[in-house]
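Report on the structure
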Amino acid sequence: MAINTRASLHLTLLALLATGQVLANDLFDSDSAMPEVLTATRLKQSPAAVPGSVTVLDSALITASGARDIPELLRLVPGMMVGYRNGNQATANYHGSNVTEARRLQVLVDGRSVYRPGLASVDWTDIPVAIEDIERIEVFRGPNTVSYGANALMGVINILTRHPLDSRGTRLKTTQGQRGIHDWFASHGSAWPDGALRLSLSGLQDDGFDHDQFGRDYRDSRRLNRFNLSASQQLDSRHSLDWQLAAKEGSNQRPYGYTPVFDAIAPGDKGSDVKARDYAGSLRWTLDLSPEHSLHLQSSAQHWQRKQVWRACEAEVALSPELGQLWDLNPFYVVKFGDYVKQLKSDPGTAVLPAGTAQEQTLAGAVLAQLDGGATRPVCGDVSQSIRETRYDFELQDTLSLSDDLRLLSGLSYRYDQADSETYFNGALSNHIWRLFGHLEWQLGAHWLVQGGAMLEDDQLSGSSLTPRIAVNYLITPRHGLRAVYSEAVRSPDMYENNVDWRYRVRNLQPQAFGQSSATYFARSRGPGNLDQEIMRSRELGYNGSFANAGIDLDIKLFYDEIHSMISEPLRNDRFFPNNANRMHFSGVETQLDWQLGHADRLRLSYALVDFSASSHLDRPLTARHSGSAGWLRDWGQGWSSGLFYYGADQLNQYHFERLDLRVAKHMVIGTTALELAGVLQQRLDDEPMTWQENRHDQRHLLYFSAELDF
Amino acid sequence: MHYSWIRYWLLFCCLSCSLPLRAAEIILSGAEDNPAIRAFSAALAELRPLDRVRFMPLAQLPSPTQIPADTRLVLLDLQALDWRLRTSGPPTLMLRISRLHAQQRLGNRRPAHISLLWSDPAPARQLRLTRLLVPQAQRIGVLYDEHSQFLLDELRRAATPLGLEIVGQAWPDTHDNRPLLALLQRTDLLYGVNDEDLFNPRTAKNLLLTSYAQQRAMIGPNSSFVRAGSLASIYSDRQDWLNSLNQLLDQPPESWPRSAYPAYFKVRGNRQVARALAIELADDARLAQQVAEGENL
């Protein structure tokens, strides 16, 4: 074989000309087949560049807090007012408004909204996710309908579960303690070359509060079981699929849910417990068209089922068709008529039938005749507050990086909500919601970042709305940013507020009422059907900084928020006349600080000072002027760790709240198995009830222990 | 036999007839022969007009013992190294060899007259770069498997003077994220070593997404990973290797080191990743200069 050097040289030059520098560089470029992973479409803004205030509760914090459920964790979020209607009905309001109607926060689990469409509530106890499966919780403090749709009026709580790929192996955990705490958790994750899957089963049980203000046993325990399946599959280099299935079943105790008009009538049941079942499935398909362009389609289906049937006793007259007709004509006349009947009993000489129309007086006369005929006798029947709600949600989102400094996020979504309840809606009611949204991020040089967007929403039941949002961030350095944000947001009146048709059909009556075994309770309420959306205008100035050398992350927020056209009426079935007449404003300052002191210690502080005014007295009691938390996490070495947390609010729904929580844990590794034993002590530092006067515990302290195996 | 004879004859002609006496005969060789290699050889020839620089495919080379001792061999792949290791031969500069490959072939042995020029980024440089970019990072997380565990010693030696702590974590199964997560949770940054079993196009997505989810930057292991989403890395491109090679070829072979990192290098940083992690990233040339300045201290 001859060596033809000349030929080689020619070939080389030709090749170089033909292929350019790329091939030549490949000689020392280890892998040209490397995919681009952290692309402009996958990266998010740094904390200093976020157009708003965000609190992140990471897994270390979640574990160290010792919290057993999500609302307890939310006490770590500045400005979050966490309360309890009873032991199994937690409420979370950002800054305030009516404590029982926590309907102005959007709550998402892995992008799926768990805000119930029918009754405008979040059932924290019934969300089918175990705290052990949560990787982190991101709380966007402020309105953000542009990104999250209507109902993200005052904030967004985004619960993110652990990725299946990070869940390999088996975890078994049990928690036992005072107040009837019996929790368990079992999870197994497996992975294969292009995918991973996690199955989690869990349960939770406790007794809730111990007694009410009269020292009587309080019926508010809860018991639930959950199932979660989460999978992720990389279909090829561009397509990936994530899907989840979740289910929850359980029982939430409620005290006897009926107060009779006539005092002498005994309760017909020991309670009015709710059997709650939640089902959810979601599918997310991501397509990376290029490093600069990605598309995702998320769809979910959810079903909420609340079965609440109990036996209630009342005077027969409450089921009188004539009294019902009178209520429909004029509920205020019925109230006056009630006073007249009482007067008749105590002082018949002065009692005068209230003046009214001829029809009102005729009906009143008929009811009086029924009372004379013995309609004060008690009758008992089955009362239902059951409801089934269904939601289908589709969202297509496009992320496009137009240049290194310009990113556009846009999308389209459709949601179908249905609520089915004989009691609340006299059947089924549905709603169709279309959304179109766009959000632009524009980095102007090294220091300025402008982010703005808008959402156009069309809600079949409450009309259309356009909400804008604009934020300007000035980055002093990449780690220190000042921000100014203006945003508008809307909350659509929920099905209940606008369209309720609430009437109780009482069945299996014994003895029969007016010869019937089923009858309709006289009081009923209807939504007006013409409620407008609530409008919020929010202004915020903030600073976010990271002092990397000192390990300090600091965020400060000054805010002024106004809600107009506010619907403040609580959900009730007598004299329910919701309107858009109310307004509220909040102003104040919030701060959070996370300080990593060396490898072993971490301090975390949060504080909120909130001033407010509210036109409705119902929106006034909740807001604490001063509230906050302080946490100290320490790794003592040799597997020992501790978390000490203080939570305080000067008055939460007019009750002072202060608590100290201590969690001490010992982590041991035996071969390939890790065992963690932990004890949690919660000590109330005051003797106040929690949120409502009936929410009381026998003791100021609570102790529970957990053991977790990981292999 | 016939072909071998012609080969030796041609080689003899090449080596003895065509160049001035002082000029050196430099043969680049490797089992691979492609335009990139030819271009590299041509570029080296251009840099050294007084020498006779040529590329000869490995298949055309005789046994190393039959190559004159004053020839300098520049080998470009592992097959060429295996060929060279069979017997003694002329002074050799071995390019494109990683620490891991050398360990697998040679263990701690360093054969005479062979100078191994590592394709890995020099740990000291990579760590200086780390300190420049993320000065608060103290605990540097390093994933390794049974093949790459030996790299930790050199890393620790490089880390100590910089006041950094190397925290190693075995990652025997790249489908199991638990070791990666455990490491990210107890360290400030992930340092990628040049181990293709752990850091390759199949593992890149998971490594980078998991690190980013934990808000941890990744440094290295090479420039391809920076394109993929690693924060930054030291690397040497074709020009750096030509310059490094040129510098060594100017020296008598007796003074060549048994092993060395290239004298010339660059830095590649990922600006978008830096922005998302709130890390200030000077331009690549400035960073390379700062890293190099640290070298002279």
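Residues numbered from 1 in each chain as written. Chains lettered and ligands numbered in written order. Predicted model: local features only at pLDDT ≥ 70, side-chain atom pairs only at ≥ 80, totals over all residues.

**Description of the overall build of chain A**
We apply this condition: Working definition: helices are DSSP H or I runs of at least four residues, strands are E runs of at least two. Numbering for both runs from the N terminus. When we talk radius of gyration, it's over C-alpha atoms, and the globule rule is simply 2.2 Å times the number of residues to the 0.38. Around each residue's C-beta, the other C-beta atoms within 10 Å are counted; 20 or more make the residue buried, 12 or fewer make it exposed, and counts in between make it partly exposed. All C-beta atoms are placed from the backbone.
When helices and strands are tallied, chain A shows nine helices and 35 strands. Expected size for 711 residues packed as a compact globule is a radius of gyration near 27 Å; at 30 Å, chain A falls within 12% of this value. Counting the 711 residues in chain A, one finds 45% classified as buried.

**Here we look at the overall build of chain B**
Our working definition: Residues are scored as being in contact if the C-beta atoms we place from backbone atoms lie within 7 Å.
Each helix and strand in chain B was counted, giving 12 helices and 12 strands. For chain B, the C-alpha radius of gyration of 21 Å lies close to 19 Å, the compact-globule estimate for 297 residues. When its C-alpha atoms are laid out on the principal axes, chain B stretches across 65 × 40 × 35 Å. Out of the 297 residues in chain B, the part that is buried amounts to 48%. Of all intrachain contacts in chain B linking residues separated by at least 6 positions in sequence, the fraction that spans at least 24 positions is 66%.

**Regarding the confidence of the model for chain A**
The following threshold applies: Note: pLDDT gives the predictor's confidence per residue, expressed from 0 to 100.
Averaged over every residue, the pLDDT of chain A is 91; residues scoring 70 or more account for 95%. Confidence over residues 1–24 of chain A falls short of pLDDT 50; this stretch has 30 contacts with residues more than four positions distant or in other chains.

**A look at the sheet that holds strand 2 (residues 52–57) of chain B**
Each strand in a sheet pairs with another by means of backbone hydrogen bonds, the pair being arranged parallel or else antiparallel. All names here are of chain B. Convention followed: The pairing criterion is simple: DSSP has to find at least two bridges between the two strands. To define axes, lines are fitted to C-alpha atoms, for helices over the stretch in contact only, and angles between the resulting N-to-C directions are given on a 0 to 180 degree scale.
Read from one edge to the other, the open sheet built from six strands follows the order 2-1-3-4-5-11, with strand pairing classed as parallel. Strands with a single pairing partner mark the edges of an open sheet, and in this sheet they are strand 2 and strand 11 (259–260). With two bridges connecting them, strand 5 (residues 114–118) and strand 11 associate as parallel partners. What sits directly across from leucine 116, in strand 11, is serine 259. Contacting strand 1 (25–30), strand 3 (71–75) and strand 4 (92–97), helix 10 (residues 238–250) runs over the sheet at an angle of about 160° to strand 4.

**Some remarks on the sheet that holds strand 16 (residues 378–384) of chain A**
Residue and element names in this part refer to chain A. Strand order in the open sheet formed by four strands is 15-16-24-25, with antiparallel pairing between adjacent strands. On the outer flanks of this sheet lie strand 15 (309–315) and strand 25 (519–520), each paired with one strand and no other. In terms of strand pairing, strand 15 meets strand 16 through seven bridges, oriented antiparallel. Across the sheet, residue arginine 311 finds its bridge partner in strand 16, namely aspartate 382.

**Some words on the domain arrangement of chain A**
This is how the line gets drawn: An automatic or database domain assignment supplies the residue ranges for each domain.
On domain assignment, one finds that chain A holds domain 1 (47–253 + 274–307 + 386–493 + 532–710) and domain 2 (321–374). For domain 1 of chain A and domain 2 of chain A, the distance between their C-alpha centroids amounts to 49 Å.

**Re helix 4 (residues 99–106) of chain B**
Residue and element names in this part refer to chain B. Arg99, Leu100, His101 and Ala102 are the residues of helix 4 that are buried. Taken together, the buried residues of helix 4 touch helix 3 (78–85), strand 4, strand 5 and helix 6 (151–159). Note on helix 4: the residue one or two positions beyond its end, glycine 107, has a positive phi of about 60°.

**Quick look at helix 7 (residues 178–186) of chain B**
Residue and element names in this part refer to chain B. Note the threshold: In this description, one arc is meant: the one made by directions from the helix axis to the C-beta atoms.
Residues Leu180, Leu181, Leu183 and Leu184 constitute the buried set of helix 7. Angular distribution of buried residues about the axis of helix 7 spans 165°; they occupy a single face of the element. Buried residues along helix 7 sit against strand 6 (139–144), strand 7 (165–170), strand 8 (189–191) and helix 8 (201–213).

**So, the nonpolar core**
Residues and elements named next belong to chain B. As a reminder, the rule being used: Here, a nonpolar core denotes buried Ala, Val, Leu, Ile, Met, Phe, Trp, Tyr and Cys residues that are linked to one another through C-beta atoms within 7 Å.
Judged by nonpolar contacts, the single largest core of 122 residues is most densely connected at Leu231 and Ile279. Excluding residues that lie within four positions of it along the chain, leucine 231 makes contacts with Leu133, Ala217, Met218, Ile219, Gly269, Asn270, Val273, Ala274, Leu277 and Ile279. Grouped together as the second largest cluster of nonpolar side chains are 37 residues, Ile26, Ile27, Leu116 and Trp241 included.

**So, the domain arrangement of chain B**
Size of an interface, as often reported, equals the accessible area lost when the parts are brought together. All names here are of chain B. This is how the line gets drawn: Three classes are used: nonpolar for Ala, Val, Leu, Ile, Met, Phe, Trp, Tyr, Cys and Pro, charged for Asp, Glu, Lys and Arg, and polar for all others, with Gly counted as polar.
Considered domain by domain, chain B is made up of domain 1 (2–120 + 238–260) and domain 2 (123–235 + 266–296). Between domain 1 and domain 2, the C-alpha centre-to-centre distance is 32 Å. Facing the seven residues of domain 1 at the interface are seven residues of domain 2. Broken down by element, the side of domain 1 that touches domain 2 gets its largest block of residues, four residues, from helix 4. A per-class count over the side of domain 1 that touches domain 2 returns one nonpolar, three polar and three charged.

**Digging into the pairing of strand 28 (residues 552–566) of chain A**
Residue and element names in this part refer to chain A. In this structure, strand 27 (residues 534–547) lies alongside strand 28, joined through 13 bridges in antiparallel fashion. Across the sheet, the residue bridging to arginine 539 is tyrosine 560, located in strand 28. Between the antiparallel neighbours strand 27 and strand 28 lie four residues, among them glycine 551 with a positive phi of about 75°.

**Considering the environment of Ala446(A)**
In this structure, Ala446(A) sits in the loop between strand 19 (427–444) and strand 20 (448–459). Note: C-alpha distance between Ala446(A) and Asp110(A) (336 residues apart in sequence) is 32 Å.

**Regarding the packing of helix 2 (residues 35–47) of chain B against helix 10 of chain B**
The geometry of a pair of packed helices is captured by two quantities: the angle between their axes and the separation between those axes. Residue and element names in this part refer to chain B. Operational definition: For this classification, under 35 degrees means roughly parallel, over 145 means roughly antiparallel, 65 to 115 means roughly perpendicular, and everything else is oblique. Less than a right angle of anticlockwise turn of the near helix away from the far helix marks a crossing as left-handed, whereas a clockwise turn marks it as right-handed.
Relative orientation of the contacting elements helix 2 and helix 10 amounts to 45°, with a least axis distance of 10 Å. On the basis of their axis angle, the class for helix 2 and helix 10 is oblique. Once helix 2 is placed against helix 10, the crossing between them reads as right-handed. Contact residues: Phe40, Ala43, Leu44 and Leu47 in helix 2; Arg238, Leu242, Leu245 and Asn246 in helix 10. Looking at the contact of helix 2 with helix 10, its residues break down into six nonpolar, one polar and one charged.

**Description of unusual backbone geometry**
A cis geometry characterises the amide bond from Gln510(A) onward to Pro511(A), with omega recorded as -10°. Structurally, Pro511(A) can be placed in the loop between strand 24 (505–510) and strand 25. That bond from Gly220(B) to Pro221(B) is cis: its omega, -5°, falls within 30 degrees of zero. The phi dihedral of Asn508(A) is positive, around 50°, even though this residue is not glycine. Tracing the backbone through its elements, the reader meets Asn508(A) in strand 24. Using a count of 11 C-beta atoms within 10 Å as the deciding quantity, one classes Asn508(A) as exposed.

**Some points on the confidence of the model for chain B**
Per-residue confidence for chain B gives a mean pLDDT of 90, with 92% of residues at or over 70. Predicted confidence is poor over residues 12–21 of chain B, with pLDDT under 50, and the contacts of this stretch with residues over four places away or in other chains come to six contacts.

**Here we look at the packing of helix 5 (residues 123–133) of chain B against helix 6 of chain B**
All names here are of chain B. Interhelical geometry of helix 5 versus helix 6 gives an angle of 50° and a closest axis separation of 9 Å. Judged by the inter-axis angle, helix 5 sits oblique to helix 6. Once helix 5 is placed against helix 6, the crossing between them reads as right-handed. Contacts from Pro123, Ala124 and Leu127 of helix 5 reach helix 6 at Glu154, Leu155, Ala158 and Ala159. Split by residue class, the contact of helix 5 with helix 6 holds six nonpolar, no polar and one charged.

**Some remarks on the pairing of strand 4 of chain B**
All names here are of chain B. Quick reminder of the rule: Convention used here: a crossover is right-handed provided that the path from the first strand, over the helix, to the second strand proceeds clockwise when the strands point away from the viewer.
In terms of burial, strand 4 is largely enclosed, as six of its six residues are buried. One ladder, built from three bridges, connects strand 3 with strand 4; its direction is parallel. The residue bridging valine 74 from the neighbouring strand is leucine 93, located in strand 4. Handedness of the strand 3-helix 3-strand 4 crossover: right-handed.

**A closer look at the environment of Gly83(A)**
Residues and elements named next belong to chain A. With respect to the secondary-structure elements, glycine 83 resides in strand 2 (residues 80–86). Classification of glycine 83 by C-beta neighbours within 10 Å gives buried; the count is 23. When residues no more than four places from it in sequence are discounted, the contact partners of glycine 83 are Thr91, Val99, Leu622, Leu652, Asn653 and Thr691.

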